[in-house]
Structures are given as C-alpha cells and as structure tokens.
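# Report on the structure
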Amino acid sequence: MGRYRQLGAAWDIRRDEARLRAVGIRRGHHGEPQAGAGWDSLTPTQLTVASYVAQGLSNPEIAARMFVSRRTTQTHVSHILARLGLSSRVELAAAHARRQGQTPGRSGTRRGP
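All values reported here derive from a predicted model rather than from experimental measurement. (Residues numbered from 1 in each chain as written. Predicted model: local features only at pLDDT ≥ 70, side-chain atom pairs only at ≥ 80, totals over all residues. Heavy atoms only, no water.)

Summing up its helical and strand segments, the protein has five helices and zero strands in all. Mapped from its N terminus to its C terminus, the protein presents α and β elements in the order α-α-α-α-α. Relative to all contacts within the protein whose residues are 6 or more apart in sequence, the contacts with residues 24 or more apart total 50%. For the protein, the computed accessible surface area is about 8500 Å², with 52% contributed by carbon and sulfur atoms. (Helix = DSSP H or I, 4+ residues; strand = E, 2+ residues; numbered from the N terminus. Contact = heavy atoms within 4.5 Å. Areas by Shrake-Rupley, 256 points an atom, 1.4 Å probe, with all protein chains shown as cover.)

Let us look at unusual backbone geometry. Leave glycine aside and you will find that most residues have negative phi; peptide bonds, for their part, are mostly trans. One non-glycine residue, F67, adopts positive backbone phi at about 60°. Topologically, F67 is positioned in the loop between α3 (59-66) and α4 (70-84).

Rendered as structure tokens:
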C-alpha cells in the first residue's frame with residue numbers, strides 16, 4: 001500500500017505543477033542561467049529566433065521553422081528582449097539590422113559613400 005501512496009503523491013505533484021504552469025508559474029531549475037546582457041549573452045537558439053523576428057516572422061511561423069511550440073518561441077523572444085533591454089519586436093528587428101550593418105527596413109548590404 002505504501003508504494004501506491006507514493007505514486008498517488010507523484011500524480012498530485014504533477015497535477016499541481018500543471019495547474020501552476022497554466023498561470024505562468026514554473027517550478028525548479030531550467031537550464032544554465034546566462035550571465036550578462038547584450039548580443040554576446042544570447043544563446044545560439046536565441047540568435048536564430050532574433051534573426052527570424054528581424055525577418056518579420058510571427059511566433060507561429062518561427063515555431064514551425066524551429067520545430068518548437070509557440071510558447072517556447074514566445075519565451076525565447078521575451079528572454080531576448082530582456083537581455084537586450086528592448087521592449088518590442090520592432091526594436092529587436094532594428095537592433096538586429098544595426099548589428100548586421102543594415103538600415104532597418106531595407107534589404108541587402110549597406111552602401112558606402
């Protein structure tokens with residue numbers, strides 16, 4: 001009977017964690033924290049997401065290309081904005097274009113004088 005109680009407790013914990021996730025609360029450690037801020041602090045995946053945002057893709061489109069959920073994409077975008085000190089996808093696209101040496105809103109390479 002003791003084993004079944006332990007199993008029941010595990011189910012209760014999983015059910016409670018699912019309820020907490022539904023309201024945006026997560027339990028436990030999820031990966032290594034990244035120190036610092038700025039472009040150098042972004043993971044390779046976050047850099048890819050930033051590139052897709054700069055191309056004008058929506059979260060569902062990015063999710064489909066990367067084979068992840070929309071929620072995962074949303075989380076990546078939120079983390080990118082926080083790391084770069086930005087508040088919108090438009091700001092992210094402009095910052096990405098500047099980083100690539102392009103003028104926002106124009107494709108191709110920047111021309112010299």
